[in-house]
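Residue strings, one per chain:
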Amino acid sequence: MSRPAAVLTGLGAYVPPRTVPNEELSRRMDTSDEWIVQRTGISQRHWADPGVATSDLAVEAGHRALKSAVSGGFGDIDMVVVATTTPDQQCPATAPDVAARLDLGTVAALDVAAGCTGFVYALATASAALVAGYAERALVVGAETFHPFLNPADRGTAVIFGDGAGAVTLRRGTSDEAGAVQTVDLGSDGTLKDLVGIPGNGSRPRSTRPMQPDDQYLYMHGKEIFAHAVNRMAQSSSAVLAKAGWDVDEVDHVVGHQANLRILHALARELGVDRERLVCHIDQVGNTSAASIPLALADAAAKGHFQLHDRLLLTAFGAGLAWGSAAITWPEITLA
Ligand code: UT7
């Protein structure tokens, strides 16, 4: 039976022009192209030039998503949600600036901080607002400028993360339409909050001790995170498929958070999905955190991998710990 649902109408992606191949990193630190490719599946990432911030990438991706939506007869946006762990500044949020620079007027605009799961959380937030009638049309952006937060002395993180932004537009519609967000599953485990994070700028370090040099950098307990990522994305995927009433064999494409190719392969094994159904874009962009799912969607869409009404499982995991999945069908989309 048809129900109110958010429907995907536009898609856009942007990565800064500067590519950083593995060889460049291996000249700066004790690593190698061979190690990075074998252990992560990453060949290169994009890093923004000095002075370029997350809002700049978000505006580019947002602009492309809006253009893509307009080609389908899209109307005015009345809500902007930006998922990011690397906002332009601590305060104010990045979304109002993005909305203003996209000439969207005085719309509702908020940031969602859910680490690498940010895009799925933002999609859920906007979808809920559309279904509840608080908004008619939303722009959801996942955007990160991670490289300034990477510790050049930590090869475990410095080789993984990249910068970029991806965006989708949504409108209020019904669940039987192509492009409908069928359902979502969200979760978190704050008892494991210390496994990955960026301590600097928070109220706790500020109120207890002087800022330490490494507080500005991302730290990550990679091995532990790896295991949780596979387990939580697999559990959440199963949960969202059960809610959607989809058998795993009916899923055409699994779009997992692009953290590590080995994680995606392990996820496919856990779910019993063949690798051909995995959407993999990590080799070109690395781990772009909240931007990774929309960037992967845009890459696969540009390559013509998605057909109208295909069933897509989106699933993500990251700092928090937080995880989430969404079941969506694929609409008619013209990329800008
Ligand atoms: O995005 C959201 C959350 N993040 C993730 O989901 C990331 C999850 N974790 C991972 O992707 C992996 O754990 C990493 C890619 C971070 C690390 O891969 P790993 O296979 O777990 O390596 P490891 O940390 O167990 O390290 C194995 C070895 C170590 O050397 P020893 O002690 O065996 O001599 C490391 O020091 O590899 C070494 N190593 C490196 N060697 C060359 C670690 N990083 C590097 C490097 N280049 N960049």
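Residues numbered from 1 in each chain as written. Predicted model: local features only at pLDDT ≥ 70, side-chain atom pairs only at ≥ 80, totals over all residues. Heavy atoms only, no water.

Trainee: Quick one: what's the story with the environment of Leu321, residue by residue and with numbers?
Mentor: Take Leu321: it is sitting in the loop between β12 (311-318) and β13 (322-329). Judged by its relative accessible area of 1%, Leu321 falls in the buried class. For the pair formed by Leu321 and Phe226, sequence separation is 95 residues and the distance between their alpha carbons is 12 Å. Contacts of Leu321, omitting those with residues within four sequence positions, involve Gly187, Ser188, Asp189, Leu192, Lys193, Leu195, Val196, Ile225 and His228. (Helix = DSSP H or I, 4+ residues; strand = E, 2+ residues; numbered from the N terminus. Buried < 20%, exposed > 50% of the residue type's maximum accessible area, 1.4 Å probe, protein only. Contact = heavy atoms within 4.5 Å.)

Trainee: Could you give an account of the site of the ligand, naming the residues involved and the relevant values?
Mentor: Near the ligand there are 22 residues, and of these Thr31, Lys223, Asn260, Arg262 and Asn287 occur at the shortest range. Here an oxygen atom of the ligand and a side-chain polar atom of His257 are 2.9 Å apart. Only α2 (33-40), α6 (155-158), α8 (222-244) and α9 (261-271) provide two or more residues apiece to the shell around the ligand. The biggest single contributor to the shell around the ligand is α8, with four residues. Of the residues contributing to the shell around the ligand, the split by class is 10 nonpolar, seven polar and five charged. (Near = heavy atom within 4 Å. Polar contact = N/O pair within 3.5 Å; in protein donor to acceptor, adjacent residues only side chain to side chain. Nonpolar A, V, L, I, M, F, W, Y, C, P; charged D, E, K, R; others polar.)

Trainee: Could you give me a rundown of the sheet that holds β13, with the residues and numbers involved?
Mentor: The strands making up a sheet associate through backbone hydrogen bonding, with each pair oriented either parallel or antiparallel. On the basis of which strands lie adjacent, the open sheet formed by four strands has the order β8-β13-β12-β11 and mixed pairing. Looking at which strands have only one partner, the edges of the open sheet turn out to be β8 (181-188) and β11 (253-256). Between one strand axis and the next, the sheet turns through 10° on average, direction left out of account. Two elements, β11 and β12, share four bridges in a ladder whose sense is parallel. (Pairing = 2+ DSSP bridges. Axes fitted to C-alpha atoms, helices over the stretch in contact; angles between N-to-C directions.)

Trainee: A description of the side chain of His265 should follow, citing residues and the corresponding values.
Mentor: If you trace the backbone, His265 turns up in helix α9. Note on His265: relative accessible area 19%, which makes it buried.

Trainee: Tell me what's going on with the pairing of strand β6 (residues 137-144), and back it up with residues and numbers.
Mentor: Counting buried positions along β6 yields seven of eight residues, so the element is predominantly enclosed. Two strands pair when backbone bridges link them, and strand β4 (residues 79-83) and β6 are joined in this way by five bridges, in the parallel orientation. Within β6, the position partnered with Met79 by the bridge is Ala138. Bridge count for β6 against strand β7 (residues 164-174) is eight bridges, and the pairing is antiparallel.

Worth remembering: the numbers are spatial, not functional.
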